[in-house]
Amino acid sequence: MTTKVEALTLRLRDITFFTQAFYRISYGYDATGRRGECNAVVFPAHIDDLSRILHEASRLEVPVYVRGAGTGFSGGAVPGGEGVVISTEKLRRIIHLDRDNYEVEVECGVVNQELQDYLEPHGYFYPPDPASMKVSTLGGNIAENAGGPRAYKYGVTRRYVRTLVWLSTRGEVTKSSLEGPAALLPGAEGTLGVIYSASLGILPSPEAYRTLLLSTQSDKRLMDAAAELIRRGFCPSVMEYIDSKTMHCVSDYRDIKGLDRSRSYLFVEIDGNREVVESQHRLLDDFCRRKDFSRIAAHDEGERGILWDLRRAISPSLARRGITKVNEDVALPLGRLGEAVSFIQAAAGDLDLDCYVFGHCGDGNLHVNIMTDRRNRREIERTELFVERLFTRVVEWGGTLSGEHGIGITKNRYLELLFSPPEMQLQRDVKGVFDPEGVLNPGKYFERKQETRG
Ligand SMILES: Cc1cc2nc3c(=O)[nH]c(=O)nc-3n(C[C@H](O)[C@H](O)[C@H](O)COP(=O)(O)OP(=O)(O)OC[C@H]3O[C@@H](n4cnc5c(N)ncnc54)[C@H](O)[C@@H]3O)c2cc1C
């Protein structure tokens, strides 16, 4: 008997579908380490092929899973069984730079860093900078509405999306601004439509930077300092919190002179024109002197690069720490951050879990990482209990389950904590309008939990 996927490949004989185990396994993962199943992987290099694949797949009711670089932390790109993974890695053209309108048009498979490298010599930059920017694609960034260290000053991805060329589940191509239905695509995790290309807002590169690490022994003092600085009109582009355990771990991986591993840190960058940067730096300097905070400052571009390498090494250095990294990214009102860090550390201690906290604290976004071992059933149960306690408390505090990593398959079972039954139904209804056959990234976000390995 011919399966639906075989029927699809027979109808599209001029497009190569890779069915070997190598492809099905390699494209079955994302950064969560969860593995899903699929029947084939396909690499369209042109919008017409993408359109035909979607059109035939929806006619045959074959599930499709669009995949950028697979760096997602919530399982959004992990396939759910029968179906085809559509990789965007061949859709990698920077189409047009419009200097007058501060816009650049890109295909969805362009890697964020490739765009930054292209823009830099022209004197521009694209503000959203997820820590995965060297690998993750702009399509994946839009689908997850990615944030990053610079989000405190510049905001997250949605703010920079001007127009999208996107495909419906039946393969119809539409070019639209974010005023119509396409407004729902950023952050929809590939469940409502497929992004082919985007015109993105860009900005002139800042004239100057100041990059520093501030430290103290007490997390609460550090969080209070962040809140007080903001109240006093301090407006850095980056304000990142790194707890002492995380700093200990990252400095094993990438050490720098003067780092005290017993302290917690704020990673701060100020950017803009020279006068603004200097006056903001004076404000910070004065604050640190009065409050007796230690500082490590970058004096040139080389030292700035070293501090950024240290920041970007956090996730890889933690990943070396344990077999399974459970990575939550709750977002909270700023005034709750100090309390939240104390709660997280106490709750992890009670459950005997190895926990690391860091994140975009200027933005209220904390990354809570539990290093565990998926083969240790008891530890996994304790981790699940911890996550449930964390999410329950975060919602009570007026926060959300995800600041930037999305819901995917790792958090969809907790959505009822956040949304009422009518809100959940409304979201399912929207999905039904966009994707009546239910073939576009099924099992994700507000749909039922998908089974995976690992
Ligand atoms: C080390 C590390 C650091 C990270 N740091 C950050 C950070 O600072 N900020 C942040 O926000 N995230 C961060 N992430 C998470 C992740 O990198 C982002 O979610 C990123 O946007 C995913 O991009 P991707 O290309 O890897 O997408 P994938 O993981 O391949 O896919 C993610 C989702 O997007 C959908 N999708 C992909 N392309 C398309 C398309 N063309 N059309 C429609 N849907 C599509 C997929 O179906 C899936 O649901 C980090 C991850 C890692 C591993």
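Parameters at a glance
- Residues numbered from 1 in each chain as written.
- Predicted model: local features only at pLDDT ≥ 70, side-chain atom pairs only at ≥ 80, totals over all residues.
- Heavy atoms only, no water.
- Helix = DSSP H or I, 4+ residues; strand = E, 2+ residues; numbered from the N terminus.
- Rg over C-alpha atoms; globule rule 2.2 N^0.38 Å.
- Buried < 20%, exposed > 50% of the residue type's maximum accessible area, 1.4 Å probe, protein only.
- Contact = heavy atoms within 4.5 Å.
- Lys, Arg positive; Asp, Glu negative; His and termini not counted.
- Charge placed at Lys NZ, Arg CZ, Asp CG, Glu CD.
- Near = heavy atom within 4 Å.
- Polar contact = N/O pair within 3.5 Å; in protein donor to acceptor, adjacent residues only side chain to side chain.
- Areas by Shrake-Rupley, 256 points an atom, 1.4 Å probe, with all protein chains shown as cover.
- Pairing = 2+ DSSP bridges.
- Axes fitted to C-alpha atoms, helices over the stretch in contact; angles between N-to-C directions.
- Domains from an automatic or database assignment.
- Buried area = accessible area lost by both parts, 1.4 Å probe.
- Salt bridge = Lys/Arg side-chain N within 4 Å of Asp/Glu carboxyl O.
- Nonpolar A, V, L, I, M, F, W, Y, C, P; charged D, E, K, R; others polar.

Asker: Honestly, the overall build of the chain in this entry has me stumped. Any pointers?
Answerer: Along the backbone of the chain there are 14 helices and 18 strands. For 454 residues, the compact-globule estimate of 2.2 N^0.38 gives 22 Å, and the C-alpha radius of gyration of the chain, at 22 Å, lies within 12% of that figure. Dimensions of the chain, computed from C-alpha atoms along their principal axes, come out at roughly 75 × 60 × 40 Å. Per-residue burial over the chain gives 55% buried out of 454 residues. Looking at the chain alone, contacts between residues at least 24 apart form 72% of all its contacts between residues at least 6 apart. The distance from the centre of the 59 positive side-chain charges to the centre of the 64 negative ones in the chain is 3 Å.

Asker: In this structure, what is going on with the site of the ligand? I would like to understand it.
Answerer: Taken together, 36 residues sit near the ligand, with Val-66, Gly-68, Thr-71, Ser-132 and Thr-137 positioned nearest. Within the contact set of the ligand, an oxygen atom lies 2.9 Å away from a side-chain nitrogen or oxygen of Asn-141. Contacts to the ligand include Ile-195, whose backbone N or O atom sits 2.9 Å from a nitrogen atom. Burial of the ligand by the protein chains amounts to 95% of its free accessible area of 970 Å². Looking at the shell around the ligand, the elements with two or more residues in it are strand E3 (64–67), helix H5 (138–144) and strand E10 (194–201).

Asker: Would you mind going over the sheet that holds strand E16 (residues 324–331) with me for this structure?
Answerer: Backbone-to-backbone hydrogen bonds join strands into a sheet, with any given pair of strands oriented parallel or antiparallel. Read across the sheet, seven strands follow the order E15-E12-E14-E13-E17-E18-E16 without closing on themselves; strand pairing throughout is antiparallel. With one partner strand each, in any of the chains shown, strand E15 (294–297) and E16 form the two edges of the open sheet. In this sheet, neighbouring strand axes are inclined to one another by 20° on average, regardless of whether the strands run parallel or antiparallel. Here strand E13 (residues 238–242) runs beside strand E14 (residues 264–272); their pairing, made up of five bridges, is antiparallel. The residue bridging Ile-242 from the neighbouring strand is Tyr-265, located in E14.

Asker: What exactly am I supposed to notice about the sheet that holds strand E5 (residues 94–98) here?
Answerer: Here we have five strands laid out as an open sheet, ordered E5-E6-E10-E8-E9, and antiparallel in their pairing. Only two strands of the sheet have a single partner each, and these edge strands are E5 and strand E9 (173–177). Pairwise comparison of adjacent strand axes, ignoring direction, gives a mean angle of 15° for this sheet. Across five bridges, the pairing between strand E8 (residues 161–167) and E9 is antiparallel. The residue bridging Leu-167 from the neighbouring strand is Val-173, located in E9. Together, E8, E9 and E10 form the strand contacts of helix H3 (residues 47–60), whose direction differs from that of E8 by roughly 55°.

Asker: Even after reading the chapter, I still don't get the domain arrangement of the chain, so can you show me in this structure?
Answerer: What the domain assignment lists for the chain is domain 1 (4–89), domain 2 (94–204), domain 3 (208–315) and domain 4 (322–417). The interface is formed by eight residues belonging to domain 1 together with nine residues belonging to domain 4. Both faces combined, the contact of domain 1 with domain 4 buries some 700 Å², and carbon together with sulfur accounts for 52% of it. Where domain 1 meets domain 4, there are zero salt bridges. Between domain 1 and domain 4 we count three residue pairs in polar contact (both at pLDDT 80 or more) in total. Broken down by class, the residue content of the side of domain 1 that touches domain 4 amounts to two nonpolar, five polar and one charged.

Asker: Looking at this structure, I do not really get the pattern of salt bridges. What am I missing?
Answerer: Where charged atoms from two side chains of opposite charge come close, those side chains can pair. According to the stated counting rule, one finds 32 salt bridges in the structure shown. Among the ionic pairs, Arg-150 bridges to Asp-129, the shortest N-O distance being 3.7 Å. On the criterion of sequence distance, the pair formed by Arg-150 in the loop between H5 and helix H6 (151–154) and Asp-129 in the loop between strand E7 (124–125) and H5 is long-range, its members being 21 residues apart. For Asp-129, a relative accessible area of 1% puts it in the buried group.

Asker: Looking at this structure, how should I read unusual backbone geometry?
Answerer: A negative phi angle characterises most non-glycine residues, just as the trans form characterises most peptide bonds. One non-glycine residue with positive phi stands out, namely Glu-61, at about 55°. If you trace the backbone, Glu-61 turns up in the loop between H3 and E3. With phi around 50°, Tyr-102 is a residue other than glycine that occupies positive phi space. Residue classification places Tyr-102 among the partly exposed residues on the basis of a relative accessible area of 34%.

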